[in-house]
Amino acid sequence: QVQLAESGGGLVQAGGSLRLSCAASGGTVSGYGMGWFRQAPRKGREWVAAISGGGITYYADSVKGRFTISRDNAKNTVYLQMNSLKPEDTAVYYCAVAKGRLVTTSSSDYNYWGQGTQVTVSS
């Protein structure tokens, strides 16, 4: 059973940066797609970014050019570098493991989830 632990969230001013980490344990995620999702208060879970097992990256339009997803297979960890943060980026951020090598924007295609880390961007 793979377990995921997100870290790196916090409070930052608009325009600032944060780097989220997602460490996997209990099994390797190397070769599997990984995704980041977020959920703001009173909103549904939103796909943010994903990286395939082969390292191809994908981004939601709302974060393209500001966020970068990467992975370190040796450390069994995925990262989300977030720059030029905006108040509308405020949410709980979750990482997830895809069911296979490829990734999608649908949460139903991911079968392991972390507990989430809070990101708050003040204006």
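Up top is the structure.
Let us look at the structure shown here. (Residues numbered from 1 in each chain as written. Predicted model: local features only at pLDDT ≥ 70, side-chain atom pairs only at ≥ 80, totals over all residues. Heavy atoms only, no water.)

With that out of the way, let us pick up the nonpolar core. Within the largest apolar cluster, 36 residues are counted, with the highest numbers of intra-cluster contacts made by W36, L80, M82 and Y93. For this core, the secondary structure elements donating two or more residues are β3 (18-25), β4 (34-39), β5 (45-51), β7 (67-72), β8 (77-82), β9 (91-98) and β11 (117-122). A per-element tally of this core places β9 first, with 6 residues. (Core = buried A, V, L, I, M, F, W, Y, C linked by side-chain atoms within 4.5 Å. Buried < 20%, exposed > 50% of the residue type's maximum accessible area, 1.4 Å probe, protein only. Helix = DSSP H or I, 4+ residues; strand = E, 2+ residues; numbered from the N terminus.)

Before going further, it helps to examine the sheet that holds β3. One key point about sheets: their strands pair by backbone hydrogen bonds, in either a parallel or an antiparallel sense. Judged by pairing direction, the sheet is antiparallel, and its 4 strands sit side by side in the order β1-β3-β8-β7 without closing on themselves. Bordering the open sheet on either side are β1 (3-7) and β7, each of which pairs with just one other strand. Each strand of the sheet is rotated relative to its neighbour by a mean of 15°, with strand direction disregarded. Across 6 bridges, β7 lies against β8 in antiparallel orientation. Bridge pairing in β8 places T68 opposite Q81. (Pairing = 2+ DSSP bridges. Axes fitted to C-alpha atoms, helices over the stretch in contact; angles between N-to-C directions.)

Another aspect to go through is the pattern of salt bridges. When charged atoms on two side chains of opposite charge get close, those side chains can pair. Counted by the stated rule, this structure contains 4 salt bridges. We note a salt bridge from R38 to D89, for which the minimum N-O separation is 2.9 Å. Separated by 51 residues along the polypeptide, R38 in strand β4 and D89 in the loop between β8 and β9 bring together distant segments of the chain. No difference in accessibility class separates R38 from D89, as the two residues are buried. (Salt bridge = Lys/Arg side-chain N within 4 Å of Asp/Glu carboxyl O.)

The next subject is unusual backbone geometry. Residues other than glycine seldom take positive phi values, yet N76 does so here, at roughly 55°. Looking at the element boundaries, N76 is found in the loop between β7 and β8. By relative accessible area, which is 13% here, N76 ends up buried.

On to the state of the cysteines. Counted by the stated rule, this structure contains 1 disulfide. Here C22 pairs with C95 through a disulfide, and the sulfurs are 2.0 Å apart. The sign of the 60° torsion about the S-S bond sets the C22-C95 disulfide as right-handed. Residue C22 is located in strand β3, and its partner C95 is located in strand β9; the two are separated by 73 residues in the primary sequence. Judged by its relative accessible area of 1%, C22 falls in the buried class. Taking the relative accessible area as the measure of exposure, C95 reaches 1% and is therefore buried. (Disulfide = S-S within 2.5 Å.)

Tallying each qualifying case throughout the model produces 3 aromatic pairs. Judged by centre distance (5.1 Å) and plane angle (85°), the rings of F37 and Y110 are edge-to-face. Residue F37 is found in strand β4, and its partner Y110 is found in strand β10 (residues 110-113); the two are separated by 73 residues along the sequence. No difference in accessibility class separates F37 from Y110, as the two residues are buried. Aromatic side chains F37 and W113 sit 4.9 Å apart centroid to centroid with 55° between the ring planes, which places their arrangement in the tilted category. (Phe/Tyr/Trp six-rings, centres within 6.5 Å; stacked < 30°, edge-to-face > 60°.)

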